[in-house]
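Here's the letter readout for the chains.
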Amino acid sequence: MATIKVKQIKSKIGYPVDQKRTLQRKISQVVEVEDTPSIRGMIRKVHHLVTVVE
């Protein structure tokens, strides 16, 4: 299966609890995850806090 690299670029402080639970890493950490519809939904939920690294 294909993978996506996701990097957190902004702090989760001050955002709703459901968005905080979606993010589990620290700022500037890059995580490689499988490209599934559920992961795409999580990225869409916190798109203002993360970026997809190519």
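Here, the structure is the one placed above.
This is a predicted model, so every value here is computed, not measured.

**Some words on the overall build of the chain**
Counting secondary structure elements, the chain contains 2 helices and 3 strands. Taken from the N to the C terminus, the helices and strands of the chain come in the order β-α-β-α-β. In summary, the chain has a C-alpha radius of gyration of 11 Å against a globular reference of 10 Å for 54 residues, a match within 12%. Dimensions of the chain, computed from the C-alpha atoms along their principal axes, are close to 35 × 20 × 15 Å. The buried share of the chain, taken over its 54 residues, is 20%.

**Thoughts on the side chain of Gln 8**
One can find Gln 8 in strand 1 (residues 3-8). Overall, the relative accessible area of 6% leaves Gln 8 in the buried class. In terms of polar contacts, Gln 8 uses its side chain to reach the backbone carbonyl oxygen of Lys 10, at 2.9 Å. Residue contacts for Gln 8: discarding those within four places in its chain leaves Leu 23, Arg 25, Lys 26, Ile 27, Ser 28, Gln 29, Leu 49 and Val 50.

**Remarks on the sheet that holds strand 1**
Spatial strand order, 2-1-3: 3 strands in an open sheet with antiparallel pairing. Two strands close off the open sheet at either side, each with one partner strand: strand 2 (30-34) and strand 3 (50-53). On average, adjacent strands in this sheet sit at an angle of 35 degrees to one another, irrespective of strand direction.

**Focus: the pattern of salt bridges**
This model, assessed by the stated rule, comprises 2 salt bridges. With a closest N to O distance of 3.1 Å, Asp 18 and Lys 45 form a salt bridge. You can see Asp 18 sitting in helix 1 (residues 17-22) and its partner Lys 45 sitting in helix 2 (residues 37-45), a full 27 residues away along the chain. Taking relative accessible area as the criterion, Asp 18 reaches 37% and is therefore assigned partly exposed. What makes Lys 45 partly exposed here is its relative accessible area of 38%.

What counts, and where the lines are drawn
Residues numbered from 1 in each chain as written. Predicted model: local features only at pLDDT ≥ 70, side-chain atom pairs only at ≥ 80, totals over all residues. Heavy atoms only, no water. Helix = DSSP H or I, 4+ residues; strand = E, 2+ residues; numbered from the N terminus. Rg over C-alpha atoms; globule rule 2.2 N^0.38 Å. Buried < 20%, exposed > 50% of the residue type's maximum accessible area, 1.4 Å probe, protein only. Polar contact = N/O pair within 3.5 Å; in protein donor to acceptor, adjacent residues only side chain to side chain. Contact = heavy atoms within 4.5 Å. Pairing = 2+ DSSP bridges. Axes fitted to C-alpha atoms, helices over the stretch in contact; angles between N-to-C directions. Salt bridge = Lys/Arg side-chain N within 4 Å of Asp/Glu carboxyl O.

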